[in-house]
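# A look at the structure
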Amino acid sequence: MNRKGLPEDEVFSILDRALQKDRSYDKVLNAMCTRPHPVAVKAHMQFIEANLGDSGLFPGTRELEEKVVSILGELMGDRNACGYISTGGTESNIQALRTARNLKHKKHPNVVLPESAHFSFDKIADILGIEIRKAQLDSEFKVDTGSVENLIDDNTIALVGIAGSTEFGQVDPINELSDIALSHDLFLHVDAAFGGFVIPFLDKKIDFNFSVNGVTSITIDPHKMGLSTIPAGGLLFREEACLLPLEIDTPYLTIRKQYSLTGTRSGAAVAAAYAVMTHLGRDGYRMIVNRCMRMTHRIVQGAKEFGVEPLTEPMMNVVALDVPYIDTVRKKLHEKGWMTSVTRKPRAMRLILMPHMTEENIEVFLSDLRDCIS
Ligand code: 0PR
């Protein structure tokens, strides 16, 4: 650290130079985060001091968190769901499976999840000492429930279903997973980190949340399609009893108990999530999702015109295109400023049509993609 402090303008010129190296979202097609809504940013700044790690000091912010949990619960089919606002999908997934592990008391616990599950579950295996068993996918990249059943044994504590998979945007058959979970007395966690703010606003009705009987917990992230500020993830449980295994005594704080993984945590992100959800309402999110889906369909239709097919018809604003010579094409696109990514198996070009994308830029992308292929 420098001994003498730098004047503010010098500090900010260093920051400006750093910011200039960062990418603007304009040509970013590989992110599940986006520019936060201005209302979220304003609320975030207003609550910049609030620490929900010691919420007795910030009872107003704590009330906002209760409201956010209740709004997310309602969106997920149970307004009485309980939980808290975490740092993101990774923390929510860890905590959900930590609850399952602590409630089930198995010596060598295992969890069965789809091959398409996010890599946060690989971290969970290491942190929680749970064996992760990966079930195969069907031809539409949803989990094959036969493969799930084959992997279950006496040490299985939970199943995981994905509602909006990271690579394909697919939704696993949550109804079928629920039947399996109920018949084996297993915990069923649904990872809707991405899809939680998409699926409720699609024209097609899809069962994926607490409206399905066997679902015990859900991850849903305001900092992805919720357009809120980072870090804001949601962890929801159907039953209050599921929070108990996470509880820790906090004798010297203004509150007696804490169940988040982190200690100090952002009240600003909670205020931001409350503000943007209340400001947009269901109609606002529906319009945003409609626009993202229009752009997704345009990409698929445009790519088909020059012979590039999606691996499967997209259910949400994530698409995997079967692009020939994918590495070369991605490199050429990168030289034109486009950020794309790949799916693991099979390798295809993964594109996410987030709210920061524009319909004009989609046309530019399609023409660049066509040029790079030919
Ligand atoms: N569950 C699912 C289904 C996810 O897609 C993700 C992240 C997580 C859990 C973990 O969430 P957190 O990252 O909030 O802990 N999916 C994206 C991914 O890893 C996250 C992302 C966001 C990646 C922005 C890139 C980016 O620019 O692909």
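Residues numbered from 1 in each chain as written. Predicted model: local features only at pLDDT ≥ 70, side-chain atom pairs only at ≥ 80, totals over all residues. Heavy atoms only, no water.

Before going further, it helps to examine a nonpolar patch on the surface. A surface patch of nonpolar side chains, about 410 Å² in accessible area, is lined by Leu 6, Val 11, Phe 12, Ile 14 and Leu 15. Along the chain, the position of Leu 15 falls in helix H1 (residues 8-21). Look at Leu 15 and you get partly exposed, because its relative accessible area is 45%. (Patch = residues over 30% accessible without salt bridge, like charges linked within 9 Å, V, L, I, M, F, W, Y side chains within 5 Å. Areas by Shrake-Rupley, 256 points an atom, 1.4 Å probe, with all protein chains shown as cover. Salt bridge = Lys/Arg side-chain N within 4 Å of Asp/Glu carboxyl O. Helix = DSSP H or I, 4+ residues; strand = E, 2+ residues; numbered from the N terminus. Buried < 20%, exposed > 50% of the residue type's maximum accessible area, 1.4 Å probe, protein only.)

This part takes up the nonpolar core. In this structure, Leu 321 and Met 349 are the most contacted members of the largest nonpolar core, which totals 87 residues. When residues are assigned to domains, this core turns out to be shared by domain 1 (8-33 + 283-373) and domain 2 (38-278), each giving three or more. Beyond its immediate chain neighbours, meaning those up to four positions away, Leu 321 contacts Ile 299, Ala 303, Val 308, Glu 309, Pro 310, Ala 348, Met 349, Leu 351 and Leu 369. (Core = buried A, V, L, I, M, F, W, Y, C linked by side-chain atoms within 4.5 Å. Domains from an automatic or database assignment. Contact = heavy atoms within 4.5 Å.)

For the pair helix H2 (residues 38-46) and helix H8 (residues 267-305), interaxial distance at closest approach is 7 Å and the crossing angle is 145°. The handedness of the crossing between H2 and H8 is right-handed. Only Ala 268, Ala 269, Ala 271, Ala 272, Ala 275, Val 276 and His 279 of H8 make contact with H2, whose side of the interface consists of Val 39, Ala 40, Ala 43 and His 44. In the contact of H2 with H8, the residues fall into 9 nonpolar, 2 polar and no charged. (Axes fitted to C-alpha atoms, helices over the stretch in contact; angles between N-to-C directions. Left-handed = near helix turned anticlockwise from the far one by under 90°. Nonpolar A, V, L, I, M, F, W, Y, C, P; charged D, E, K, R; others polar.)

Right, let's talk about the site of the ligand for a bit. In the vicinity of the ligand there are 17 residues, among which Thr 90, His 118, Thr 166, Asp 191 and Lys 224 approach most closely. Taking Thr 166, its side chain carries an N or O atom lying 2.8 Å from an oxygen atom of the ligand. Interatomic distance of 2.9 Å between a side-chain N/O atom of His 223 and an oxygen atom of the ligand. Starting from 590 Å² of accessible surface for the ligand in isolation, the protein chains cover 77%. Per element, the largest residue contribution to the shell around the ligand is 3 residues, and it comes from helix H4 (residues 89-104). Residues lining the shell around the ligand come from more than one domain, with at least three contributed by each of domain 1 (8-33 + 283-373) and domain 2 (38-278). (Near = heavy atom within 4 Å. Polar contact = N/O pair within 3.5 Å; in protein donor to acceptor, adjacent residues only side chain to side chain.)

Take the pairing of strand S1 (residues 82-86) next. Of all 5 residues that make up S1, 5 are buried, and the element is covered over most of its length. Inspection of the sheet shows S1 paired to strand S7 (residues 233-237) by 5 bridges, in the antiparallel sense. Its bridge partner lying in S7, Gly 83 is registered against Leu 236. (Pairing = 2+ DSSP bridges.)

The next point concerns the domain arrangement of the chain. Domain annotation of the chain identifies domain 1 (8-33 + 283-373) and domain 2 (38-278). Distance between the C-alpha centres of domain 1 and domain 2: 27 Å. Buried area between domain 1 and domain 2, both sides added, is near 2500 Å², and the carbon and sulfur share of it is 65%. On the domain 1 side of the interface with domain 2, the three residues burying the most area are Tyr 285, Met 315 and Met 316, jointly 31% of the side's total. Where domain 1 meets domain 2, there are 2 salt bridges. Across the pair Lys 345 and Glu 115 runs a salt bridge, and its minimum N-O distance is 3.5 Å. (Buried area = accessible area lost by both parts, 1.4 Å probe.)

Here we take up the pattern of salt bridges. Evaluated as defined, the whole model comprises 21 salt bridges. Arg 347 is the salt-bridge partner of Asp 327, the closest N and O atoms lying 2.4 Å from each other. With Asp 327 in helix H9 (residues 326-335) and Arg 347 in the loop between strand S11 (341-342) and strand S12 (349-352), the pair connects residues that are 20 residues apart, well separated along the chain. For Asp 327, a relative accessible area of 46% puts it in the partly exposed group. What makes Arg 347 partly exposed here is its relative accessible area of 43%.

Let us look at helix H10 (residues 359-373). Over its 15 residues, H10 runs 21 Å from end to end, which matches the ideal 21 Å to within 8%, given 1.5 Å per residue. Taken as a whole, H10 has its buried residues at Ile 362, Phe 365, Leu 366, Asp 368, Leu 369 and Cys 372. In the core, the buried residues of H10 are packed alongside H8, strand S10 (318-321), H9 and S12. (Expected span 1.5 Å × (residues − 1).)

Moving on, we come to the pairing of S12. Judged by which residues are buried, S12 turns out to be covered on both faces: Met 349 and Leu 351 on one side and Arg 350 and Ile 352 on the other are all buried. Pairing of S10 with S12 involves 4 bridges; the strand directions are antiparallel. For Ala 320, the partnering residue across the bridge sits in S12 and is Arg 350. As judged from the 2 bridges shared by S11 and S12, these two strands associate in the antiparallel manner. Residue pairing across strands places Ser 341 opposite Arg 350, the latter belonging to S12. Linkage of S11 to S12, two consecutive antiparallel strands, is achieved through a turn of 6 residues.

Bringing the packing of aromatic side chains into the picture now. Applying the stated rule across the entire model yields 5 aromatic pairs. An angle of 45° between the planes, with centres 6.1 Å apart, marks the rings of Tyr 84 and Tyr 259 as tilted. Taken as a pair, Tyr 84 in strand S1 and Tyr 259 in the loop between strand S9 (257-258) and H8 lie far apart in primary sequence, 175 residues in all. Neither Tyr 84 nor Tyr 259 differs from the other in exposure class; each is buried. Clustering of aromatic rings is evident, with ring pairs tying together Phe 197, Phe 201 and Tyr 285. (Phe/Tyr/Trp six-rings, centres within 6.5 Å; stacked < 30°, edge-to-face > 60°.)

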